[in-house]
Amino acid sequence: MTKKTTAPASKLSRQKSKPVAKVSPPMDFPVWMPIIIFALATFIFFWQQLSGGSFFWEDFAEFVYPTQNFAAKAFANGILPFWNPYTFVGMPFIADLQVGFFYPFNRLLSLFISDGQLSVWAAQFIIILHFFIAQLNLYLLARHLRISSIGSILAAISYSFSLILVCHAIHPMIIYHLAWFPVVFMFIHKAIAGGEIKAGNYKSAIYAGLILGMSLLSGHPQTTLYEFFFLGVFVLWFLIAGLRKGELGGGKILRFIAVAAIPFIIAVGIFSIQLLPSQELAGQSQREELSFEKAAEGSMQFKQVFSAVVPKVFGFVDGENLSRSTYYLKFGRQFQSHFYWETSYYFGIVALLIGIFGILLKIRTRMGAFLFAMTMAGFFFSLGSNGFLFPLLFELPLFGSFRNPAKMMFFLVLAFSLFAGFGFDGLWQKLKDKTVLIKLLIITAIALLMAFLVASGTILDSFETPARIVDETASYGSTAVLFIIAVILTAALINRGMFKPLLGGSILIALAFIDLNMAGSSFNSSPNDPAKQYQISKEIENAFIAKVPGENFRVLSRIYNPPYMALSRNQGLFTNIFLVGGYNPLILKRIRPPLESFDDLHNIWNVKYEIRAEQGRQPQFYERTTRYGHAWMVYDAVVTDENRVEDLIKQNKHDLTATVILEEQPDLVLQKPAEVNYSPEIKCTDYSINSFEYEVSTKYNGVLCFSEIWYPAWQVYIDGRPAKLLRADYSFRAVAVPSGSHKIEMKYESRKFNTGMYVTLFTLALSIAGWFIAKKME
């Protein structure tokens, strides 16, 4: 009887398996190496700004720099600037969300006040610093997701210098949100991943909440909404996946929900110091209900997918030389250059090609499927009225409150950057795998086809490219072809083992950076120094800066027919000139009483100097002598409700120097003076941005009116005792004053701010305590 022998299972396994090429993984870099790489990349990309050769422009010069100058100067003097009296006849300042007063990096600017003004270099440096922070945070996220060091650097470069970030350097509040978002995502993933909730999960949740809350303070509500949507879907995605896999049985689901809720609760609590005052301001502001058509403004067009391969296929806007700008894409049959930066999203040929390969590798994983889903969500939402997702979400609360839906493209940019990291690792992990080359060739063929259609000019006719830039646009397509070939060759050589991962990855990183630098570096390179924009002559300073408290008046420096602007729109924030106009996304509802006569309007606005264009003459300033002054006393009142006050003023039946129109009864009975042309004594004894004081002596009960915009956070005191603040003549503040000599004090004391401050402090204290408890439980 023959005895059979059986080979050991391990031996059979070795006999059946195919030879596998030896994989040599890239080295894990020490912490200092990516920091140096990111610092160097940031320095090169923004060299012109850091060396003082060029400057950020557009909204940075018109809004960001003057507001941060005002904030930094006030804070350096130990003042919280609750009120801005220098634009739009006065409006809240700290409550303005986009000022981002409590964002810690904004407050560092107070260290850079020189000769009475904020350094432009410092203001730009804080923004540029966040491109370094974005790289570092994306790198940490990628490493957390087990992407190799070099793959993580590739992902970080692709994300941080993508055009959706670079083109919003002029809107730094968006940059600040997106710079911190990757690390918030990382900590939330740490908090909820793995099924079993331990003490470390709670610590990660606290970190996520603190960082998210800090980033919200930078002040961009649209990005805030999109971030919360992304993170909310992420938590829900992992919750459903955990339930399906049986990972959250028993009490685990409750612990999961608790730890997932912590970041959102902490973030809102931290944000409360800004949120509550901003909600108060929103209720008093001109916030029109956006129609679907208005909200869909800036919807990305489907043909802009070509921008993923050829970033300048529809032209570009060049901050260095605006006359060179060639952007020609029309939105709603109209050309508006700002849609260039509102819809730009290019993240580089490397991240596109290697990222698509990464999708193919990771789409069946939990994280890969989620990132792909959010890529699709970001893209289809960004199509706005040209897609299906925006009309659906428009019906939900808040989603219809903002224009330019293409801002959600950061979902796609973030996901593709991470997929590029995964894809790079797949190149060397699947060494000499023929299926890798097949996939890469298919991906490359599609990208090359798109690039060739542009390079040959074949598709430019359908894009209605102007004839004068057809050759230039075609050259951009040719450049894309070269980058595609370089990327695919490098990727193939890595996969075939002819390039070590370190060498091949370094080449891909260099290609990604060069590509993105060519695409976006010129956008932020204006030759115009914003500080010089706000320089005015000593003669204008002496004439237009009111010497408070002795005198107080406003200046009207802009006319619309013919269009002429004598001073920069936010000049007042820079040089303390009380202006009627300004530039701000938010304007209070009632800054302009419905007076038919411009002369009457300028009188009640206390305008001493106004720009006018007399017939046949150049515009020039004229002094006005009929203004009411900063304060005046009246002894007659007409009381009506807020729904009728506008119509009553339009009727123009009342002399507002003698009669005040109120919306509630004063606390005392007014007395008509026995003397003809009676004039009480009214003297301003102190004036600052948050308060002012008057000494008043009157023989009769009257109403003291101020040429100051009414706002609910203002409180008034008579001889140190609280009094009722009245809304007068549709727009202004007033107080009923009894006969006699009195001290009138007007102070900005926001109850909303105080409540928000206490909530923020309580949240911070609770977070610190929670961290120590979690630490002790480990």
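Parameters at a glance
- Residues numbered from 1 in each chain as written.
- Predicted model: local features only at pLDDT ≥ 70, side-chain atom pairs only at ≥ 80, totals over all residues.
- Heavy atoms only, no water.
- Helix = DSSP H or I, 4+ residues; strand = E, 2+ residues; numbered from the N terminus.
- Buried < 20%, exposed > 50% of the residue type's maximum accessible area, 1.4 Å probe, protein only.
- Contact = heavy atoms within 4.5 Å.
- Areas by Shrake-Rupley, 256 points an atom, 1.4 Å probe, with all protein chains shown as cover.
- Lys, Arg positive; Asp, Glu negative; His and termini not counted.
- Charge placed at Lys NZ, Arg CZ, Asp CG, Glu CD.
- Pairing = 2+ DSSP bridges.
- Axes fitted to C-alpha atoms, helices over the stretch in contact; angles between N-to-C directions.
- Expected span 1.5 Å × (residues − 1).
- Arc of directions from axis to C-beta.
- Core = buried A, V, L, I, M, F, W, Y, C linked by side-chain atoms within 4.5 Å.
- Parallel < 35°, antiparallel > 145°, perpendicular 65-115°, else oblique.
- Nonpolar A, V, L, I, M, F, W, Y, C, P; charged D, E, K, R; others polar.
- Patch = residues over 30% accessible without salt bridge, like charges linked within 9 Å, V, L, I, M, F, W, Y side chains within 5 Å.
- Salt bridge = Lys/Arg side-chain N within 4 Å of Asp/Glu carboxyl O.
- Phe/Tyr/Trp six-rings, centres within 6.5 Å; stacked < 30°, edge-to-face > 60°.
- Lys NZ or Arg CZ within 6 Å of the ring centre and 35° of its normal.
- Left-handed = near helix turned anticlockwise from the far one by under 90°.

1. What about the overall build of the protein?
Now for step 1: Secondary structure summary: the protein contains 27 helices and 22 strands in total.
Now for step 2: On the principal axes, the C-alpha backbone points of the protein span a range of 140 × 65 × 45 Å.
Now for step 3: A total of 778 residues make up the protein; the buried ones form 56% of that total.
Now for step 4: Long-range pairs, those at least 24 residues apart, make up 77% of the contacts in the protein with a sequence separation of at least 6.
Now for step 5: On the protein, roughly 33,700 Å² of surface is accessible, and the fraction owed to carbon and sulfur atoms is 58%.
Now for step 6: Considering the protein, the positive charge centre built from 67 side chains and the negative charge centre built from 55 side chains are found 18 Å apart.

2. Concerning the sheet that holds strand β15 (residues 681-688)
Now for step 1: Here we have 5 strands laid out as an open sheet, ordered β15-β16-β22-β18-β19, and antiparallel in their pairing. Two strands in the sheet have a free side with no partner beyond their single neighbour: β15 and β19 (721-723). The sheet shows a mean angle of 25 degrees between the axes of neighbouring strands, direction not considered.
Now for step 2: Here strand β16 (residues 691-698) runs beside strand β22 (residues 740-748); their pairing, made up of 8 bridges, is antiparallel. When the bridges of β22 are listed, Thr698 appears paired with Gly740.

3. A look at the pairing of strand β17 (residues 702-709)
Now for step 1: With respect to burial, β17 is a largely interior element, 8 of its 8 residues being buried.
Now for step 2: The alternating pattern of β17 places Gly702, Leu704, Phe706 and Glu708 and Val703, Cys705, Ser707 and Ile709 on opposite faces, both of which are buried.
Now for step 3: Two strands pair when backbone bridges link them, and strand β12 (residues 631-634) and β17 are joined in this way by 4 bridges, in the antiparallel orientation. When the bridges of β17 are listed, Ala631 appears paired with Phe706.
Now for step 4: With 6 bridges connecting them, β17 and strand β21 (residues 732-737) associate as antiparallel partners. Among the inter-strand pairings, Val703 is bridged to a residue of β21, identified as Ala736.

4. Observations concerning helix α19 (residues 434-455)
Now for step 1: With 22 residues, α19 should cover 32 Å at 1.5 Å per step; its first-to-last C-alpha distance of 30 Å lies within 8% of that length.
Now for step 2: Within α19, burial applies to Val436, Leu440, Ile443, Thr444, Ala447, Leu448, Met450, Ala451 and Val454. The arc enclosing the buried residues of α19, seen along the axis, measures out at 160 degrees, which places them on a common side. Opposite its buried face, α19 presents the exposed residues Lys434, Leu441, Ile442, Ile446 and Leu449, each directed more than 90 degrees away.

5. A few points about the environment of Leu322
Now for step 1: Considering the arrangement of structural elements, one finds Leu322 in the loop between α13 (292-295) and β5 (330-331).
Now for step 2: Residues Leu322 and Leu111, 211 residues apart in the sequence, show an inter-C-alpha distance of 33 Å.

6. Section: the nonpolar core
Now for step 1: Formed by 265 residues in total, the largest nonpolar core has its most connected members in Phe185 and Ile744.
Now for step 2: The dominant element in this core, judged by the number of residues it contributes, is helix α9 (residues 172-192), at 16 residues.
Now for step 3: What Ile744 contacts, discounting residues up to four positions off in sequence, is Phe692, Glu693, Tyr694, Val696, Leu704, Phe706, Val716, Tyr717, Ile718, Val735 and Val737.

7. Focus on the packing of helix α18 (residues 410-429) against helix α20 (residues 470-495)
Now for step 1: Viewed as axis vectors pointing N to C, α18 and α20 meet at an angle of 45 degrees, and their least axial separation amounts to 7 Å. Between α18 and α20, the crossing angle belongs to the class labelled oblique. Facing α18, whose interface residues are Phe424, Leu427 and Trp428, α20 presents Ala491, Ile494 and Asn495.
Now for step 2: Residues that form the contact of α18 with α20 fall into these classes: 5 nonpolar, 1 polar and no charged.

8. Considering a nonpolar patch on the surface
Now for step 1: Taken together, the side chains of Leu40, Phe43, Ile44 and Trp47 present a nonpolar region at the surface, about 400 Å² in accessible area.
Now for step 2: Position of Phe43 relative to the elements: it lies in helix α2 (residues 32-45).

9. Things to note about the pairing of β21
Now for step 1: With 6 of its 6 residues buried, β21 lies for the most part within the structure.
Now for step 2: Pairing analysis gives 3 bridges linking strand β20 (residues 726-728) to β21, with the strands arranged antiparallel. Within β21, the residue paired with Arg727 across the bridge is Arg733.

10. A word on the environment of Phe302
Now for step 1: If you trace the backbone, Phe302 turns up in the loop between α13 and β5.
Now for step 2: Sequence-distant contacts of Phe302, defined by excluding residues within four places in its chain, comprise Phe379 and Leu383.

11. Regarding the side chain of Asn570
Now for step 1: Note on placement: Asn570 falls in the loop between β9 (563-565) and α24 (571-575).
Now for step 2: Note on Asn570: relative accessible area 1%, which makes it buried.
Now for step 3: In this view, Asn570 contacts Glu62, Phe63, Pro66, Thr87, Tyr534, Gly582 and Tyr583; residues no more than four positions away in its chain are not counted.

12. A word on the packing of aromatic side chains
Now for step 1: Under the counting rule described, the total for this entry stands at 84 aromatic pairs.
Now for step 2: Each ring, one from Tyr65 and one from Phe574, has its centre 5.4 Å from the other, and the planes form 50 degrees; the classification is tilted. With Tyr65 in helix α4 (residues 59-76) and Phe574 in helix α24, this pair connects stretches of sequence that are 509 residues apart. For the pair Tyr65 and Phe574, one class covers both residues: buried.
Now for step 3: On the basis of an interplanar angle of 85 degrees and a centroid distance of 4.8 Å, the ring pair of Phe185 and Phe234 is categorised as edge-to-face. Of this pair, Phe185 sits in helix α9 while Phe234 is found in helix α11 (residues 221-244), placing the two residues 49 residues apart along the sequence. Taken individually, Phe185 and Phe234 each receive the classification buried, so the pair is uniform in this respect.
Now for step 4: Sitting above the plane of the Tyr583 ring, Arg569 keeps its charged end 4.0 Å from the centroid.

13. What about the pattern of salt bridges?
Oppositely charged side chains can pair when the atoms bearing their charge come close.
Now for step 1: Under the definition given, this model contains 21 salt bridges.
Now for step 2: Across the pair Glu663 and Arg590 runs a salt bridge whose closest N-O atoms are separated by 2.5 Å. Of this pair, Glu663 sits in the loop between β14 (659-662) and β15 while Arg590 sits in the loop between α24 and α25 (598-604), placing them 73 residues apart in sequence. Exposure class is identical for Glu663 and Arg590. Each is buried.
Now for step 3: What emerges from the salt-bridge pattern is a single network uniting Asp599, Glu610, Arg612, Glu614 and Arg624.

14. Digging into the packing of helix α6 (residues 120-144) against helix α7 (residues 149-160)
Now for step 1: Where α6 contacts α7, the axes come no closer than 8 Å and their chain directions differ by 140 degrees. What the angle tells us is that α6 and α7 run oblique. Remark: the crossing between α6 and α7 carries right-handed chirality. The residues of α7 that touch α6, namely those facing Phe131, Ala134, Gln135, Leu138, Tyr139, Ala142 and Arg143, are Ser149, Ser152, Ile153, Ala155, Ala156, Ile157, Tyr159 and Ser160.
Now for step 2: Here the contact of α6 with α7 is composed, by residue class, of 10 nonpolar, 4 polar and 1 charged.

15. Concerning unusual backbone geometry
Now for step 1: With omega at 5 degrees, the peptide bond leading from Val548 into Pro549 counts as cis.
Now for step 2: Mapped onto the elements of the fold, Pro549 is located in the loop between α23 (538-544) and β7 (554-556).
Now for step 3: In this model, Asn561 is joined to Pro562 through a cis peptide bond whose omega is 0 degrees.
Now for step 4: The topology assignment puts Pro562 in the loop between β8 (558-560) and β9.
Now for step 5: Residues other than glycine seldom take positive phi values, yet Asn677 does so here, at roughly 55 degrees.
Now for step 6: Structurally, Asn677 is set in the loop between β14 and β15.

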